[in-house]
Amino acid sequence: KNRTVLLATEKAFAAGAVAKIETVVKEAKYTLKKLENYKSKDDLLAAVEGVDAMIIRSDIVDAAVLEKAAQLKIVVRAGAGYDNIDLKACEAKSVVAMNTPGQNANAVAELVFGMMIVSARNNFDGTSGFELVNREIAFYGFGAVARAVHKLAVGFGMKSFAYDPYIPAEKIKEMGAEPVTSVAGLFEHQYVSLHVPLTEETKASINKDLLSKMPKGGTLINTARVEVVHEADMLEILKVRPDFCYLCDVAPKDIEPFKAAVGDKFGKRLIFTKKKMGAQTAEANDNAGVAAANQIVGFFEKGETAAWRVVLEVLQPADE
Ligand code: 3PG
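Residues numbered from 1 in each chain as written. Predicted model: local features only at pLDDT ≥ 70, side-chain atom pairs only at ≥ 80, totals over all residues. Heavy atoms only, no water.

Across all of its chains, the model carries 12 salt bridges by this definition. Across the salt bridge formed by Lys253 and Glu227, the nearest N and O atoms sit 3.0 Å from each other. Of the two residues, Lys253 is situated in the loop between strand 11 (245-248) and helix 11 (255-262) and Glu227 in the loop between strand 10 (219-222) and helix 10 (231-240); the sequence distance between them amounts to 26 residues. Given a relative accessible area of 28%, Glu227 falls into the partly exposed group. (Salt bridge = Lys/Arg side-chain N within 4 Å of Asp/Glu carboxyl O. Helix = DSSP H or I, 4+ residues; strand = E, 2+ residues; numbered from the N terminus. Buried < 20%, exposed > 50% of the residue type's maximum accessible area, 1.4 Å probe, protein only.)

Right under this line is the structure:
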């Protein structure tokens, strides 16, 4: 059966990845329809009509999109976080939703270290910075991305700590990090790196109570979702603590007061990206894009829903 797969990416993949996605889709004798760098929701609503499958990134798939996509059977988020998909609305329409866990992990991990080095070396302003060796990094969430960061941290001679409500302490230990028993416990370490999904529970959960526990030179690294951090509290901490740093992949929603608060001419205390850059590498685009295309073909041709079960699993606590 000739199926149509829509590649809908407001932030486009590298051209090489798109070509690879196209190859997978064509080999299955499906048609690839592309909507890249689109500017409005209306463009997306028009494009989804008549498509059988969708590959998306952070693109919003809500009830309105699903309503227009009457023929849609499967949507694959090429990436890890699926907070942009209305899973309930998918279920109501019997649309299968999948992600591609792990495919962006190394790209994000390298960005974490890129930002840490820029910050530790005072954004190369000529003054003495410090080294990462022997310093402590604590992970909130210990999934694929955190583990990739941990691997690099070991190479840098850092000490790793981790807390993940869905992973037992023994498993964290087996993976080479020191288990921490609570979220608050993470904030005793100089670096805290966030690797939790955006959920009702995690939204704005990184607040003043937690941030103010951080030791001198405390640095929060956020390559998860900007909404996980309580923005007003973070701004307050940056104002009162000249030692504190915030390194984030995407800027806080209201960036101007942040810039004013840190007066950070050299960009060492406040590092942010204009658009989410963690997954913006040729390799991650290839990995996530091709995985998404293969999952769609596997679903239609063999009824495979393995990756979908991964989505369900991460919603279930490990001890249940
Ligand atoms: C992810 O969840 O995999 C990352 O945040 C990547 O998001 P992006 O595809 O919008 O870059």
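Here we take up the domain arrangement of the chain. Parsing the chain into structural domains produces domain 1 (4-101 + 280-315) and domain 2 (105-272). Spacing between the C-alpha centres of domain 1 and domain 2 amounts to 30 Å. Contact with domain 1, which involves 6 residues of that partner, is made by 4 residues of domain 2. Taken together, the two surfaces of domain 1 and domain 2 that pack against each other cover about 440 Å², and 54% of this comes from carbon and sulfur. Between domain 1 and domain 2 we count 1 salt bridge in total. A salt bridge links Asp83 to Arg225; the shortest N-O distance between them is 3.0 Å. Joining domain 1 to domain 2, the criterion identifies 1 residue pair in polar contact (both at pLDDT 80 or more). Classifying every residue of the side of domain 1 that touches domain 2 gives 2 nonpolar, 2 polar and 2 charged. (Domains from an automatic or database assignment. Contact = heavy atoms within 4.5 Å. Buried area = accessible area lost by both parts, 1.4 Å probe. Polar contact = N/O pair within 3.5 Å; in protein donor to acceptor, adjacent residues only side chain to side chain. Nonpolar A, V, L, I, M, F, W, Y, C, P; charged D, E, K, R; others polar.)

In this section: the site of the ligand. By nearness alone, every residue bordering the ligand is listed as Lys11, Arg57, Ser58, Arg77, Gly79, Ala80, Gly81, Asn104, Arg225, Lys276 and Ala279. For the ligand, an oxygen atom lies 2.9 Å from a polar atom in the side chain of Arg225. Considered on its own, the ligand offers 320 Å² of accessible surface; in the complex 94% of this is hidden by protein. Here the residues of the shell around the ligand are counted per class, giving 2 nonpolar, 4 polar and 5 charged. (Near = heavy atom within 4 Å. Areas by Shrake-Rupley, 256 points an atom, 1.4 Å probe, with all protein chains shown as cover.)

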